[in-house]
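# Observations on the model geometry
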Amino acid sequence: MRLVFLGPPGAGKGTIAAKAKEVFSIPHISTGDLFRENIRKETELGLRVKSILASGDLVPDEVTIAMVDQRLREDDAIKGFILDGFPRTIAQADALADMSGLDRVVNFVLDKEAIVRRLSGRRVCKSTGRTYHILYNPPKVDGIDDETGEPLIQRDDDKEEAIRNRLDVYEASTAPLIAYYREKGLLVDIDASPSPDEVLKALVEALG
């Protein structure tokens, strides 16, 4: 099963992908995770990506395409994959078509104000990347990681101004992919507002 997950930041693509990979026995390939790994290691790419993400803008196509191409060549992706965060532009979609065919493109639908509520409440443990939410998944002690005891941080790209900028960028650059894949008969819309388990159930049913 070769899948692409589309949808605005905060629609829950990563959460559902983490569950769906177990259902379908395929890897969840998140460009966000690839970027964060480079940021954590403070590679040249990581430092470049860090400043771009902090402002809410998109990483240049050539950087992302090369990274994904390399990842899809790894053994665990031969039988299928879930791509989360790629493609974001028509140019990336054309590049992906040269790398691999697709079975379905899943479009997670959620309104803008719900997205702002979800993302602005996110908190992260800097050393492990473990993620919490002040409303939906709070730590046992406010502001403190459950396992390491470290203070939790709010990433720059989770602050409201950056979120709204990211949504504007998404609508301008990425939303045209919905029309692109709908035209190809690959798109399926999924309501992202229910609980993750309900969204997963709807996804599995939609994919047959």
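Structure shown above.
Residues numbered from 1 in each chain as written. Predicted model: local features only at pLDDT ≥ 70, side-chain atom pairs only at ≥ 80, totals over all residues. Heavy atoms only, no water.

## So, the packing of aromatic side chains
Counted by the stated rule, this structure contains two aromatic pairs. Relative to F108, the ring of F5 lies with its centre 5.0 Å away and its plane at 70°, an arrangement referred to as edge-to-face. A residue pair is termed long-range when its members are at least 10 positions apart, and F5 in strand β1 (residues 2-6) and F108 in strand β4 (residues 104-109) qualify at 103 residues. Look at F5 and you get buried, because its relative accessible area is 2%. (Phe/Tyr/Trp six-rings, centres within 6.5 Å; stacked < 30°, edge-to-face > 60°. Helix = DSSP H or I, 4+ residues; strand = E, 2+ residues; numbered from the N terminus. Buried < 20%, exposed > 50% of the residue type's maximum accessible area, 1.4 Å probe, protein only.)

## Section: the pattern of salt bridges
Tallied over the full model, the rule gives 17 salt bridges. Notably, a salt bridge pairs E113 with R164, separated by 3.1 Å at the nearest N-O pair. Of this pair, E113 sits in helix α6 (residues 112-120) while R164 is found in helix α7 (residues 160-173), placing the two residues 51 residues apart along the sequence. Assessed through its relative accessible area of 41%, E113 is described here as partly exposed. Where salt bridges share partners, they join R71, E74 and D76 into one cluster. (Salt bridge = Lys/Arg side-chain N within 4 Å of Asp/Glu carboxyl O.)

## Brief notes about α6
Along an α-helix, residues three or four positions apart point the same way, because every turn accommodates 3.6 residues. Listed as buried for α6 are A114, I115, V116, R118 and L119. Looking at the buried residues of α6, the elements they touch are β5 (122-124), β6 (131-133) and α7. Where α6 begins, one side-chain oxygen reaches toward the backbone nitrogen of E113, 3.1 Å away; that side chain belongs to D111. (Contact = heavy atoms within 4.5 Å. Polar contact = N/O pair within 3.5 Å; in protein donor to acceptor, adjacent residues only side chain to side chain.)

The values are spatial; any link to function lies outside them.
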